[in-house]
Amino acid sequence: MTELLTMPINPAWAILLGGLMIAALPWHNARKAVMLIAPAVALYFWLKMNAYGDFSHLSIDTLGATLTTFRFDGLSRIWGLIFIIATFLNAIYALHERDRLQDSMSVLYGGAAMAAVFAGDLITLFIFWEITALTSVFLIFRTGTAAARNAGLRYLVMHIGSGVLLLAGAVLLHAQTGSWAFEHIGLEAGLAGWLILIGFGIKAAFPLLHSWLQDAYPKATITGTVVLSAFTTKMAIYALARGYAGTEILIYIGVVMALFPVFFAVIENDLRRVLSFSINNQLGFMVVGIGVGTTLGINGAAAHAFADVLFKGLLFMSMGAVLLRTGTVKASELGGLFRSMPITAFFCLIGAGSISAFPFLSAFVTKALILAAVADEGHWIVWLFLVFASAGVLEHAGIKIPYFSFFAHDSGRRVKEAPWNMLLAMGIAAFLSVFIGVNHRWLYALLPYANDYEPYSLGHIVGQMQLLLAAIFAFALLMRLGWYPSEKRMTILDIDWFWRKPGKALGKWVYAIIARLWAYSKQGLDKSLTGLSSMLATMLSPDGNFSRTIPTGALAVWAAALLTLALLGVYMAG
Amino acid sequence: MSTAKKPARKPAAGKTKDDDIHPVARPFMWLLDERVRNGFMYFIGFATLISIAADFFIKRHGHFHFEEYKGFFAFFGFASFAFVVLMGWPLRRLTGRSEEYYPESTEDD
């Protein structure tokens with residue numbers, strides 16, 4: 001009994017079990033209670049494990065392989081904690097909803113992401129990697145529109161494909177090393193390394209592999225988008241940090257990720273899609289940190305992932321509240337909502353300030369780690385690009401989101417403030433964003449490596465305030481001059497245009513060609529079969545050739561000729 | 001199922017829009033005053049100048065020598081922000097299409 005109490009338990013199982021219970025329970029209140037209790041239990045197990053320290057011995061032998069289903073170390077610890085917090089906040093945010101499927105899938109999704117983070121081998125990782133895809137897609141389907149259904153299917157294809165690449169790479173790697181262990185992989189592993197990197201890259205929304213994010217997230221349900229923003233991409237960042245730390249190509253991939261979304265976010269009208277671009281941009285910073293690969297770089301990626309789950313979740317929550325109350329998140333249709341939803345506006349401003357890295361808010365102390373890691377390695381061009389991208393973040397997430405929804409011109413909409421549970425979830429996320437910004441040592445103590453970086457120097461604060469104030473001034477000036485692109489209802493094309501338009505047309509063309517070839521070959525086959533059957537009938541039917549009476553003399557001549565031919569054949573062969 | 005409510009509540013008959021202002025928002029309505037909004041640009045411009053002036057009184061230690069130029073971050077922030085915004089015009093011309101560009105967006109389930 002004592003052994004049972006002290007036995008290490010994977011916190012993910014509490015969440016996964018909770019998700020299954022929610023799927024089975026017929027009572028709404030009981031389901032909501034489980035949604036809240038499951039992360040609390042997981043937190044208890046996490047705290048117990050944290051007291052133990054590093055742990056990676058929970059292994060099972062199955063199918064001829066040793067699988068490490070639970071590895072709790074410096075890297076997985078911080079991801080596990082933020083996933084527990086996110087699951088809890090999501091549960092509060094969704095308290096007003098009566099949707100058993102969505103509740104169970106969102107909890108199972110969070111549990112699967114957590115189990116993937118705690119996986120010590122590639123098979124366990126693969127299993128939970130795929131479960132995250134299969135559970136999360138319901139959060140998109142559940143919107144119920146044709147657009148959501150199609151986006152969900154595209155999302156599923158990409159994510160299942162990501163898992164298939166991971167599995168293929170894992171099998172190749174196992175053939176090379178004889179081990180399924182999920183440790184550093186790197187590109188030195190050859191094809192296996194590339195396959196797994198692309199598999200991770202799909203979920204991390206690498207450039208050209210990113211469109212599922214901007215396609216699907218804005219079409220998910222109100223709570224679905226909030227849930228989705230927390231897990232998939234951060235799980236992929238964890239996997240990259242575990243398997244590809246110090247892989248130089250990630251620095252350049254990360255820079256492109258940080259840069260290109262800021263341009264698209266300026267002209268995007270759907271504010272949840274703006275935030276999806278913002279996810280891509282923030283992931284870019286993390287990928288750069290992993291690419292640098294120093295202890296400071298990995299710490300930066302981990303810290304920024306932790307902070308991002310909170311402030312990005314907060315921003316998505318505020319836009320979800322706006323969508324719930326007004327029925328839209330189109331910037332062209334909003335404005336002036338501060339009058340009706342001041343508390344939501346306040347929390348949104350905290351999220352906006354946090355992502356923009358204002359001093360005493362979370363990203364100020366997390367992004368600084370990544371920039372310092374880049375600078376330490378002398379990558380001055382990369383550093384400049386990241387500072388440039390920081391100004392871009394301020395534009396779309398720091399200003400555009402709160403300004404066009406809560407301020408700007410008055411749209412005349414007078415709505416109710418968000419439900420109390422949404423405000424509570426936003427309030428906790430806002431509090432944690434401020435808490436991290438002020439008590440950065442608390443977060444730094446959770447990072448994978450010892451960290452003595454000090455973000456609060458006078459020079460850093462002044463430099464950051466210069467950047468932010470001048471950028472806000474640029475916004476005010478451009479608005480005054482009328483040079484800021486006005487918000488318009490339109491579709492902004494992305495890389496997925498290639499498969500949604502010409503790709504679809506090509507698919508239709510190929511299908512038509514195959515259909516015609518099939519019809520043609522079927523026609524030819526039918527003709528051949530008809531000919532064959534009539535020939536057989538001619539030969540074998542009661543009136544056929546074989547039934548005819550052949551004169552004995554002619555038969556003997558034919559038999560002699562055939563025997564002669566056979567004899568000649570044998571003679572030649574001999 | 002989670003769906004947004006439609007449409008937004010408009011003021012009831014006999015009520016003005018301002019009657020529906022949330023009590024928490026009322027003390028801050030001066031922020032929405034036209035004069036305050038117009039003065040915002042000057043206020044932020046002034047704050048930016050102060051932050052640049054601070055460079056003359058404190059020594060910023062950067063990893064790169066260009067970081068230590070007076071007002072470097074202000075200049076870089078202004079230029080970056082303006083570039084990102086102004087690039088929106090050609091980018092929208094290049095990638096912007098009607099809302100119904102993808103047929104699925106108009107399909108009604």
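What counts and what doesn't
- Residues numbered from 1 in each chain as written.
- Chains lettered and ligands numbered in written order.
- Predicted model: local features only at pLDDT ≥ 70, side-chain atom pairs only at ≥ 80, totals over all residues.
- Helix = DSSP H or I, 4+ residues; strand = E, 2+ residues; numbered from the N terminus.
- Buried ≥ 20, exposed ≤ 12 C-beta atoms within 10 Å, placed from the backbone.
- Contact = placed C-beta atoms within 7 Å.
- pLDDT = per-residue confidence, 0-100.
- Nonpolar A, V, L, I, M, F, W, Y, C, P; charged D, E, K, R; others polar.
- Domains from an automatic or database assignment.
- Core = buried A, V, L, I, M, F, W, Y, C linked by C-beta atoms within 7 Å.
- Expected span 1.5 Å × (residues − 1).
- Axes fitted to C-alpha atoms, helices over the stretch in contact; angles between N-to-C directions.
- Parallel < 35°, antiparallel > 145°, perpendicular 65-115°, else oblique.

> Requested: an account of the overall build of chain B, with residues and values cited.
Broken down by element type, chain B carries three helices and one strand. Written out in order from the N terminus, the α and β elements of chain B read α-α-α-β. Across the 109 residues that make up chain B, the buried fraction comes to 19%.

> Residue-level account of the overall build of chain A, with values.
Looking only at helices and strands, chain A features 22 helices and three strands. Projected onto the principal axes, the alpha-carbon positions of chain A cover approximately 120 × 60 × 55 Å. A buried classification covers 56% of the 574 residues belonging to chain A. Pairs at least 24 apart in sequence give 80% of the contacts found in chain A among residues at least 6 apart.

> Residue-level account of the confidence of the model for chain B, with values.
Segments scoring low in pLDDT should not have their predicted coordinates read at a detailed level. Residues and elements named next belong to chain B. Per-residue confidence for chain B gives a mean pLDDT of 83; residues scoring 70 or more make up 78%. Of all the helices and strands in chain B, strand β1 (residues 96-97) carries the lowest mean pLDDT, 88, while helix α2 (residues 72-86) carries the highest, 96. In the predicted assembly, ipTM is 0.85 and pTM is 0.88.

> Please set out the interface of chain B and chain A residue by residue, giving values where relevant.
Taken together, the contact pairs 60 residues of chain B with 69 residues of chain A. Of all the secondary structure elements, the ones that give two or more residues to the side of chain B that touches chain A are α1 (34-54), α2, α3 (88-95) and β1 of chain B. Considering every element that reaches the side of chain B that touches chain A, the biggest residue donor is α2 of chain B, with eleven residues. Considering only residue class, the side of chain B that touches chain A consists of 31 nonpolar, 15 polar and 14 charged.

> Tell me about the environment of F385 of chain A, and name the residues and values.
Following the sequence through the fold, F385 of chain A ends up in helix α16 (residues 380-406). Distance in space between the C-alpha atoms of F385 of chain A and A258 of chain A is 8.3 Å, their sequence separation being 127 residues.

> For the domain arrangement of chain A, give the residues involved together with the corresponding values.
According to the domain assignment, chain A consists of domain 1 (1-244), domain 2 (246-500) and domain 3 (502-573). The centre of domain 2 of chain A, based on its C-alpha atoms, is set 72 Å off from the matching centre of domain 3 of chain A.

> An account of the nonpolar core is needed here, citing residue identities and associated values.
Residues and elements named next belong to chain A. Counting residues in hydrophobic clusters, the biggest one holds 217 residues, and the most contacted among them are L240, V288, L315, L386 and A471. Per element, the largest residue contribution to this core is 20 residues, and it comes from helix α13 (residues 295-326). Counting only domains with at least three residues in this core, you end up with domain 1 (1-244) and domain 2 (246-500). Every residue in contact with L315, bar those within four places of it in the chain, is listed here: L275, C348, G351, A352, I355, A397 and I401.

> Please set out unusual backbone geometry residue by residue, giving values where relevant.
Residues and elements named next belong to chain A. Even without being glycine, L208 reaches a positive phi, approximately 75°. For L208, the location among the structural elements is in the loop between α8 (191-203) and α9 (211-216). Residues other than glycine seldom take positive phi values, yet A408 does so here, at roughly 50°. Within the fold, A408 resides in the loop between α16 and α17 (420-438). The exposure class assigned to A408 is partly exposed, which follows from the 19 C-beta atoms found within 10 Å.

> Pulling in residues and values, what's your account of helix α2 (residues 11-24) of chain A?
Over its 14 residues, α2 of chain A extends 21 Å from the first C-alpha to the last, a length consistent with the 20 Å expected when each residue adds 1.5 Å. In this structure, the buried side of α2 of chain A is in contact with α3 (28-52), α4 (74-93) and α5 (100-117) of chain A.

> Run through α17 of chain A, naming residues and quoting values.
Structurally, the α-helix is built with 3.6 residues per turn, so residues lying three or four positions apart point the same way. Residues and elements named next belong to chain A. Compared with an ideal rise of 1.5 Å per residue, which puts 19 residues at 27 Å, α17 spans 26 Å between its outermost C-alpha atoms and is within 8% of the ideal. Every buried residue belonging to α17 is among M422, L423, A425, M426, A429, A430, L432, S433, I436 and G437, and all of these are buried. Among the structural elements, α4, α13, α14 (342-355), α15 (362-376) and α18 (440-444) are those in contact with the buried residues of α17.

> Can you tell me about the packing of helix α6 (residues 122-141) of chain A against helix α7 (residues 146-177) of chain A, naming the residues and giving the values?
Residue and element names in this part refer to chain A. Across the interface, α6 lies against α7 with an axial gap of 9 Å and an inter-helix angle of 180°. Classified by the interaxial angle, the pair formed by α6 and α7 is roughly antiparallel. Counted together, L122, I123, F126, W129, E130, A133, V137, I140 and F141 of α6 and A148, R149, A151, G152, Y155, L156, H159, I160, G163, L166, L167 and A170 of α7 form the full contact between these two elements. Tallied by class, residues from the contact of α6 with α7 come to 16 nonpolar, three polar and two charged.

> Quick one: what's the story with the packing of α4 of chain A against α13 of chain A, residue by residue and with numbers?
All names here are of chain A. At their nearest, the axes of α4 and α13 sit 9 Å apart, and the two run at 10° to each other. The angle between α4 and α13 falls in the class roughly parallel. Contacts between α4 and α13 involve I78, I82, A86, L89 and Y93 from the former and A302, F306, V309, G313 and M317 from the latter. The residue inventory of the contact of α4 with α13, partitioned by class, reads nine nonpolar, one polar and no charged.

> How would you sum up the environment of M286 of chain A? Please name residues and give values.
Residues and elements named next belong to chain A. Mapped onto the elements, M286 comes out in helix α12 (residues 271-292). Here M286 falls in the buried class, since 33 other C-beta atoms lie within 10 Å of it. Considering only alpha carbons, one finds M286 and I237, 49 residues apart in sequence, at a separation of 7.2 Å. Those residues in contact with M286, other than ones at most four positions away along the chain, are I237, A301, H304 and A305.

> Give a detailed account of the environment of L334 of chain A, specifying residues and quantitative values.
Residues and elements named next belong to chain A. Position of L334 relative to the elements: it lies in the loop between α13 and α14. Placed 126 residues apart in sequence, L334 and L208 show a C-alpha to C-alpha distance of 31 Å. Excluding residues within four positions of it along the chain, L334 makes contact with V322, T326, T328, F404, S405 and S411.

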